[in-house]
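Breakdown of the fold
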Amino acid sequence: MVDLKSKSCCFTGHRKLPDGQEAEIMAKTEAEIRIFLSGGINRFLLGGAVGYDAEVAKLLFRLKNECCGFKVVLIYPFDGYTDRWNDAQKAEYAKLLPQYDKVIKASERSGREAYLLRNRILVDSSAVCIAYCHKQRSGTAYTVRYAKAQGMAVTNTAPGMEEDTGSLWGRP
């Protein structure tokens, strides 16, 4: 039986990337993806949010066209979670959706718990995590703390946050 977890990387990040820093954040993300690909990671898991998740999805699909052999999996929280998005966000999601190799729904129920469950599934299904996290109080920070508590290596692509800062990661 194939151990998918040991070959998987999940992503977590904020919904808004700071103006003027998108290129730097995505360049760091691409560099990490390439390192993980060369190390045998061949499955990438995303949560389907706007912002970092959407940008990573576009990056992964571009890389997949350049070099094959990896899968991109969407794990979304619940049906209808995009209902409050604006038209441009919904259109981008609709364009990305058919490119995923697999699509998994985390919960039958909507609400905050579904988002947290989705985040835990992302982590529990992966060996490593790439994050864009600079806020202590957010779903992204929760996911990073959860990943660290599971003993997972987490790479933060946020400018100035490359080193593990104790307060963000829940350590002294």
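See the structure above.
Let me begin by describing the structure that accompanies this report. The model shown is predicted, which means the values in this text are computed figures rather than measured ones.

**With respect to the environment of Thr155**
Inspection of the secondary structure assignment puts Thr155 in strand β6 (residues 153–156). Judged by its relative accessible area of 22%, Thr155 falls in the partly exposed class. Considering only alpha carbons, one finds Thr155 and Tyr76, 79 residues apart in sequence, at a separation of 22 Å. With sequence-adjacent residues up to four places away left out, Thr155 is seen in contact with Glu32, Phe36, Cys129, Ile130 and Ala131.

**Considerations on the side chain of Asn156**
Summarising the element assignment, Asn156 is placed in strand β6. Take Asn156: its relative accessible area is 4%, and that puts it in the buried class. One polar contact links the side chain of Asn156 to the main-chain carbonyl oxygen of Cys133, over a distance of 2.7 Å. A distance of 3.1 Å separates a polar atom in the side chain of Asn156 from the backbone nitrogen of Ala158.

**Topic: the sheet that holds strand β1 (residues 8–13)**
Pairing within the open sheet is parallel, and its six strands lie in the order β4-β3-β2-β1-β5-β6. Because the sheet does not close on itself, it has two edges, and the strands there are β4 (102–105) and β6. Neighbour-to-neighbour, the strand axes of this sheet turn through a mean angle of 25°, independent of strand direction. On top of the sheet, helix α2 (residues 52–66) reaches β1, β2 (43–46), β3 (71–76) and β5 (128–132); it is set at about 145° to β1, its chief contact.

**Details of the packing of aromatic side chains**
Taken as a whole and judged by the stated rule, the model has eleven aromatic pairs. Ring centres 6.4 Å apart and planes at 10° place the aromatic pair Tyr142 and Tyr146 in the stacked group. Of this pair, Tyr142 and Tyr146 both sit in helix α5 (residues 139–149), four residues apart, which is roughly one turn of the helix. One aromatic cluster is present, built from ring pairs that chain together Tyr76, Phe78, Tyr81, Trp85, Tyr93 and Tyr115.

Rules behind the numbers
- Residues numbered from 1 in each chain as written.
- Predicted model: local features only at pLDDT ≥ 70, side-chain atom pairs only at ≥ 80, totals over all residues.
- Heavy atoms only, no water.
- Helix = DSSP H or I, 4+ residues; strand = E, 2+ residues; numbered from the N terminus.
- Buried < 20%, exposed > 50% of the residue type's maximum accessible area, 1.4 Å probe, protein only.
- Contact = heavy atoms within 4.5 Å.
- Polar contact = N/O pair within 3.5 Å; in protein donor to acceptor, adjacent residues only side chain to side chain.
- Pairing = 2+ DSSP bridges.
- Axes fitted to C-alpha atoms, helices over the stretch in contact; angles between N-to-C directions.
- Phe/Tyr/Trp six-rings, centres within 6.5 Å; stacked < 30°, edge-to-face > 60°.

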